[in-house]
Amino acid sequence: MTPYRPGAAPAGTGNAPPDAVIVGTGPNGLAAGVTLARAGLHVELYERSATIGGGLRSVALFDSDVIHDICSAVHPMAAASPFFRAFGLGGHGVELLTPDISYAHPLPGRDAALAHRDLDAVCEHLGPDGPAWRRIMRPLLRHSEGVAALMLSGQRVLPRDATAPSALVRSVAGLLGAVRGFSGEQAPALLAGVAAHATGPLPSLPATAITLLLGHLAHGTGWPLPRGGSGRIADALAADIRAHGGVLRTGNPVNDLRDVSRAKVLLLDTGPKEFLRIAPGLLPARYAQALRSYRYGPAAAKADFLVSQPIPWADPEVGRAGTVHLGGTRAQVFRQESLNARGVPTDTPFVLVVDPAVTDPGRARGGRRPVWAYAHVPHGDTREPVALIRELIERYAPGFTDTVLAAHGTAPRELEAYNPNYVGGDIGCGAIDLRQSLLRPVARWNPYRTPLAGVYLCSAATPPGPGVHGMSGYLAAVSVLRREFGIRTPPSLGTPGVVGAPAR
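Residues numbered from 1 in each chain as written. Predicted model: local features only at pLDDT ≥ 70, side-chain atom pairs only at ≥ 80, totals over all residues. Heavy atoms only, no water.

Their axes nearest at 9 Å, the elements helix α5 (residues 130-142) and helix α9 (residues 205-217) cross at an angle of 75°. The angle between α5 and α9 places the two elements in the roughly perpendicular class. Counting all contacts with α5, which are made through I136, M137, L140 and L141, the residues of α9 involved are L212, G215 and H216. For the contact of α5 with α9, a count of residues per class yields five nonpolar, two polar and no charged. (Axes fitted to C-alpha atoms, helices over the stretch in contact; angles between N-to-C directions. Helix = DSSP H or I, 4+ residues; strand = E, 2+ residues; numbered from the N terminus. Parallel < 35°, antiparallel > 145°, perpendicular 65-115°, else oblique. Contact = heavy atoms within 4.5 Å. Nonpolar A, V, L, I, M, F, W, Y, C, P; charged D, E, K, R; others polar.)

Before going further, it helps to examine the packing of helix α1 (residues 27-38) against helix α18 (residues 471-485). Relative orientation of the contacting elements α1 and α18 amounts to 35°, with a least axis distance of 7 Å. In terms of crossing hand, the pair formed by α1 and α18 is right-handed. On the side of α1, the interface is formed by N28, A31, A32, T35 and L36, while α18 contributes M471, S472, G473, Y474, A477, V480 and L481. Partitioning the contact of α1 with α18 into residue classes produces eight nonpolar, four polar and no charged. (Left-handed = near helix turned anticlockwise from the far one by under 90°.)

A few words on the state of the cysteines. Under the counting rule described, the total for this entry stands at zero disulfides. Here C71 stays unpaired: no disulfide links it, and the sulfur of C429, its closest cysteine neighbor, is 12 Å away. In this model C458 remains outside any disulfide bridge; the closest cysteine sulfur is found in C429, 11 Å from its own. Take C458: its relative accessible area is 0%, and that puts it in the buried class. (Disulfide = S-S within 2.5 Å. Buried < 20%, exposed > 50% of the residue type's maximum accessible area, 1.4 Å probe, protein only.)

To continue, consider the sheet that holds strand β16 (residues 455-457). As summarised here, the arrangement of the five strands in space is β9-β2-β1-β10-β16, forming an open sheet in which the pairing is parallel. Each edge of the sheet is formed by a strand with only one pairing partner; in this case those strands are β9 (247-249) and β16. Along the sheet, successive strands turn relative to each other by an average axial angle of 20°, direction set aside. Pairing analysis gives three bridges linking strand β2 (residues 43-46) to β9, with the strands arranged parallel. Bridging from a neighbouring strand, L45 pairs with L248 of β9. (Pairing = 2+ DSSP bridges.)

Okay, unusual backbone geometry next. Put simply, R440 and P441 share a cis peptide bond, and its omega is -15°. Relative to the assigned elements, P441 resides in the loop between α17 (434-438) and β16. Following P463, the chain continues to P464 via a peptide bond in cis, the omega torsion being 5°. Checked against the element boundaries, P464 lands in the loop between β16 and α18. Positive phi is not limited to glycine here, since T199 has a value of about 50°. With respect to the secondary-structure elements, T199 resides in the loop between α8 (186-195) and α9. One non-glycine residue, C429, lies in the positive phi region at around 60°. Structurally, the position occupied by C429 is in the loop between α16 (412-418) and α17.

Structure below.
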């Protein structure tokens, strides 16, 4: 079998080869493209689908006027990520709209729990549990930028902000004390709903980390939505790549690494399973076996609704929230997420719901508006998700079914067909447990570099893991610049439209 040799142009090829090829245009592939192009490299990105974006696609599903987010809809990490903070989405025409209530958690038979963005407001709302909530969140908020940088890092070097780890320790201590001492159901439910974003058994250390990160961001930079849909973020990144000489090739699947071997380096915004598929027989046996041993987690099942009015929540305050978590009490959420991790299907999954027009009124057009929802289900679950999710929403919003004009479901197997990184419907690109959170995808000091010369991984299967933060792509690109091109200072990301100095 012909070996993979980066930089080797096929016979008869006269065009100048690119410095770097990136396979996949999800948020990490695009972040890598921005970074390399701004360093002066000639970059080409290949996308199997007809449009770019991966988890950042927005399309008109039922009606040409109403835009639906196909994967992600709400972006707390995009507001806080060091990559996006440096890039400056606002300077590229992306307006992040932040609701006053970051998320809500309806509870049966009592008032809903509301995570106001304002810390004083949520502490007042939680009554006797307010002081404990403040003890958890205040240390993180005081050092939020450093905490986000630490938790969205490559997890291999000491943080620049030495106060961030101590802030985390204080908040963990506050969290452990509060969980034992909460007097009501609302505060534990709010924390459980955020912990469930880990999509795995609860409680767990990785879920605690996610709770502290997303939980404090709800009172800091917020849980925003991009005006006009998530696709606006992908469009902004792609425009910057093109402005710096990069090329994006849509409808161009890469089925074998040797097909793009003309580039000096190759970055793959792919998970381990897809990497193995497109590198047949090329990887050393030990590394290939480690990739085969990579574990995937529970799945998401997606439902998109076109509705005639805002969701008729039984508690009207829920209708002010940008995101809604449906799962009942803390104990019920923990039980359900743990059953999912064991592969046990139930008819009461944890569900995330977003009515984008609550935060972005322009998403509603002529008495029609989108509703976005995910249910957490077992890996590879085969059930049709629309009825399952609709019934769960109906429990907390009686009459919701009567508002539905059209609906579309995407089961886990269809999510994987849409994006091969979502194996079995796992939109996190790998199970999130302690070992796999730190050693993604295999145990290597440089998790982005592979045994193949010039080939790097830059997907959510590398640190810091899932989420629209761009950091996996950025950190992989920084590694490429240093190791392959001798560029030790990363390029500036914050000056739109200014082409960086040539790399060589």
